[in-house]
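Coordinate analysis (summary)
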Amino acid sequence: IVLANAGGRVAPREVRVWLREDKFMLHRLSRRTTMPPADQQPAWTILEDGDEIRVGPFRFAFEILHA
C-alpha cells in the first residue's frame, strides 16, 4: 500500500506485512507506526483479526477473511 505523504508525516517505508507459517507478521520500520496498546510497541508483531494499525494520520483495521 502506498500512502500520500500527508504533509511529511509518513515515511517512504513505514511497515512490512507478510504471511509466515499461517500467521500474518508486521515489522514496524518507523516509530510513527503504532498499534494498541500504545505503551508496548515491539518492532515485530503477529497481526490478529481486528488489530488496528496507525500510520501517520491513517488508520487501518486488519481483518482476516475466512473462505
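Residues numbered from 1 in each chain as written. Predicted model: local features only at pLDDT ≥ 70, side-chain atom pairs only at ≥ 80, totals over all residues. Heavy atoms only, no water.

Moving on, we come to the sheet that holds strand S2 (residues 23-28). Here three strands make up an open sheet; going across it, the order is S1-S2-S4 and the pairing antiparallel. Of all strands in the sheet, those bounded by a partner on one side alone are strand S1 (15-20) and strand S4 (44-47). Averaged over neighbouring strand pairs, the angle between their axes works out to 25° when direction is ignored. By the bridge criterion, six bridges tie S1 to S2 in an arrangement that is antiparallel. Bridge pairing in S2 places Arg 16 opposite His 27. (Pairing = 2+ DSSP bridges. Helix = DSSP H or I, 4+ residues; strand = E, 2+ residues; numbered from the N terminus. Axes fitted to C-alpha atoms, helices over the stretch in contact; angles between N-to-C directions.)

This part covers the packing of aromatic side chains. Summed over the entire model, instances satisfying the criterion amount to two aromatic pairs. Arranged with centres 5.5 Å apart and planes meeting at 85°, the rings of Trp 18 and Trp 44 form a pair that is edge-to-face. Placement of the pair is Trp 18 in strand S1 and Trp 44 in strand S4, with a sequence separation of 26 residues. A ring pair is formed by Phe 24 and Phe 62, whose centres lie 5.3 Å apart and whose planes are at 65°; its orientation type is edge-to-face. You can see Phe 24 sitting in strand S2 and its partner Phe 62 sitting in the segment after strand S6 (58-61), a full 38 residues away along the chain. Take Phe 62: its relative accessible area is 13%, and that puts it in the buried class. (Phe/Tyr/Trp six-rings, centres within 6.5 Å; stacked < 30°, edge-to-face > 60°. Buried < 20%, exposed > 50% of the residue type's maximum accessible area, 1.4 Å probe, protein only.)

Count of turn residues in the S1/S2 antiparallel hairpin: two residues, of which Glu 21 carries a positive phi of about 50°. As defined by bridge partners, S2 adjoins S4 across four bridges and the pair is classed as antiparallel. Bridge pairing in S4 places Leu 26 opposite Thr 45.

So, on to the pattern of salt bridges. One pass over the structure, following the stated rule, counts two salt bridges. With a shortest N-O distance of 2.5 Å, Glu 52 and Arg 54 are connected by a salt bridge. Relative accessible area serves as the criterion here: at 21%, Glu 52 is assigned to the partly exposed category. Here Arg 59 and Glu 52 are joined by a salt bridge, their closest N and O atoms 2.8 Å apart. Among the residues examined, Arg 59 registers a relative accessible area of 59% and is labelled exposed. Linked through salt bridges whose partners overlap, the residues forming this network are Glu 52, Arg 54 and Arg 59. (Salt bridge = Lys/Arg side-chain N within 4 Å of Asp/Glu carboxyl O.)

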